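Spelled out, the chains give:
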Amino acid sequence: MPFFAYKARNARGELMQGVLEGADSNAVADQLFNTGVTPVEITATRKPAAENKDGFLKRLFEPKVRPLDVQLFSRQMYTLQKAGVPIMRSLGGLQESATNPAFSRVLKDLRESLDAGRELSAAMRSHTDVFSNFFLNMVRVGESTGRLEEVFLHLYDHLEFERDMRQRVKSALRYPAFVMMAMMVALVVINMFVIPAFVKVFEGFRTELPFMTRLLIGFSNFTVNHWPVMFGLLIAALAGFRLYIGTPRGRYQWDKIKLRIPIVGKIMLKATLARFARSFALASKSGVPIVQALTVVAQTVDNTYISSRIEQMREGVERGESILRTAVTTGVFTPIVLQMVAVGEETGELDSLMEEIAGMYEREVDYELKTLAAQIEPILISGLGLLVLVLALGIFLPIWDLGKAAIK
């Protein structure tokens, strides 16, 4: 589409200038009116030279759209829709106030798509890297039911829950990860530098060294002589693992294994089920049919194993089975949750009880995260103690034996 240079005045009478893309000058004028400014002059022009020259480099180094941007967008859209502001004018105002250039371009594209006659959900589908499938489906439901402002509010709460959960998991795992990294660095330094220095001392003993000492020296010599091969094998193993989990089967198997990891696995499972319950309650409150809600929610749990179980529930409901029966066959819900599902299905308050289930799982996850450090600490202490014991037996035992022989 051609570009048009415009001069316009906003509500305060201030002069504004810029370049917009549109089918013709009338379309550009409509865009300006929808953003709350009055055009004074519109003339055809070429695409700005600076955009042609520097646009690629600017987009390469500028920050990408963050989940927080989408979350704030949801809250702002709820406020604007509740106040009765038209969608085009809402998007225009948010575009001008956006602090992230990448997200500002997304809003600009949404406005252009709406100006071309497309629905908001259809326009958002051009930006699947910004808006998730769950977000898109919920917006589409809000458009069809006339409850778009409520959907945006629910989406804001949902994204806030997701962000809070990720932050708490990262915070809980920060200390154990730091200790594990310190242990790995210590092992590398000991094998590459410390043990080789002691080997020269041991060679002067001219006696048979203890088994643990010989084992440490052998492993150290192997590390020093073959560290490039070991490093290459490590990189190849990591690359192969990433390629494997990039396949549907590999992703399914890894997601299933993650839930069985001691201590951490149960936290992942409860967090995933909390996300499922919260998403299902949101979809149900927004008027989505149960079968469609299960299809949409299956895309939000971020775990292909649990997602397949939700798809299994959907297939059972399509065959006419109750939600309780299909939930039992999945084998992932606790008896208390199944009992609440039974009550909700019988009373017709399934959405409210799903929120209760989500809250229960969230409280359990919160407790598990608070006690995660206490649960992992004995394992870390045992690992450090074992490392110190091996080093003491392997390095200091020969020196101790030599000291005793010298005393005698």
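Fair warning: this is a prediction, and the values are worked out from it, not measured in the lab. (Residues numbered from 1 in each chain as written. Predicted model: local features only at pLDDT ≥ 70, side-chain atom pairs only at ≥ 80, totals over all residues. Heavy atoms only, no water.)

**What about the confidence of the model for the chain?**
- For the chain, the mean per-residue pLDDT works out to 81, and 90% of the residues sit at or above 70.
- Scored below 50 in pLDDT, residues 49-54 shows three contacts in the model against residues more than four places distant or in partner chains. (pLDDT = per-residue confidence, 0-100. Contact = heavy atoms within 4.5 Å.)

**Points about the side chain of His127**
- One can find His127 in the loop between α6 (120-124) and α7 (133-145).
- When its relative accessible area of 14% is taken as the criterion, His127 is described as buried.
- Separated by 2.7 Å, the side chains of His127 and Asp109 make a polar contact. (Helix = DSSP H or I, 4+ residues; strand = E, 2+ residues; numbered from the N terminus. Buried < 20%, exposed > 50% of the residue type's maximum accessible area, 1.4 Å probe, protein only. Polar contact = N/O pair within 3.5 Å; in protein donor to acceptor, adjacent residues only side chain to side chain.)

**Comments concerning the packing of helix α11 (residues 264-285) against helix α16 (residues 350-370)**
- The geometry of α11 relative to α16 is characterised by a closest axis approach of 8 Å and an angle of 155° between their N-to-C directions. Taken as axis vectors, α11 and α16 run roughly antiparallel relative to one another. Note on packing geometry: the crossing formed by α11 with α16 is left-handed.
- Of the residues belonging to the contact of α11 with α16, the class tally is 15 nonpolar, two polar and nine charged. (Axes fitted to C-alpha atoms, helices over the stretch in contact; angles between N-to-C directions. Parallel < 35°, antiparallel > 145°, perpendicular 65-115°, else oblique. Left-handed = near helix turned anticlockwise from the far one by under 90°. Nonpolar A, V, L, I, M, F, W, Y, C, P; charged D, E, K, R; others polar.)

**Regarding the pattern of salt bridges**
- Using the criterion set out here, one finds 11 salt bridges in the structure.
- A salt bridge links Asp255 to Arg251; the shortest N-O distance between them is 3.4 Å. In this pair, Asp255 and Arg251 are both assigned in helix α10 (residues 248-258), four residues apart and thus about one turn of the helix distant.
- Classification of Arg251 as partly exposed rests on a relative accessible area of 26%.
- A salt bridge links Asp255 to Lys258, with the shortest nitrogen-to-oxygen separation between them at 3.2 Å. With Asp255 and Lys258 both in helix α10 and three residues apart, the pair spans about one turn of that helix.
- You can call Lys258 buried: its relative accessible area is 16%.
- Salt bridges sharing partners connect three or more residues here, namely Lys266, Lys270, Glu364 and Glu368. (Salt bridge = Lys/Arg side-chain N within 4 Å of Asp/Glu carboxyl O.)

**What to know about the nonpolar core**
- Membership of the largest hydrophobic core comes to 74 residues, with the highest contact counts inside it found for Phe73, Phe131, Phe152, Phe276 and Phe333.
- Here this core gets 10 residues from one element, more than from any other, and that element is α11.
- Leave out the neighbours within four places in its chain, and Phe276 touches Leu294, Val297, Val301, Ile310, Met313, Phe333 and Met354.
- Ile195, Leu209, Leu387 and Ile395 belong to the second-largest nonpolar core, a separate cluster that totals 10 residues. (Core = buried A, V, L, I, M, F, W, Y, C linked by side-chain atoms within 4.5 Å.)

**Details of the layout of surface pockets**
- In this model, the largest pocket occupies a volume close to 1,300 Å³.
- Forming the boundary of the largest pocket are 43 residues, of which Pro67, Glu162, Arg166, Arg275 and Asp302 lie nearest the centre.
- Listing elements by their share of the lining of the largest pocket, those giving two or more residues are α3 (67-82), α5 (101-115), α7, α8 (148-203) and α11.
- No other element matches α8, which puts 10 residues into the lining of the largest pocket.
- Per-class residue counts for the lining of the largest pocket are 22 nonpolar, 10 polar and 11 charged. (1 Å grid on protein atoms, 1.4 Å probe; cavity = no way out; pocket = protein on both sides within 12 Å on 5 of 7 lines; lining within 4 Å. Points joined across faces, edges and corners; volume = space filled by probe spheres on them.)

**Structural notes on the environment of Arg125**
- As for its position among the elements, Arg125 is in the loop between α6 and α7.
- Taking the C-alpha atoms as reference, Arg125 lies 9.8 Å from Leu110; in sequence the two are 15 residues apart.
- Once residues within four sequence positions are removed from consideration, Arg125 is found in contact with Leu136, Asn137 and Arg140.

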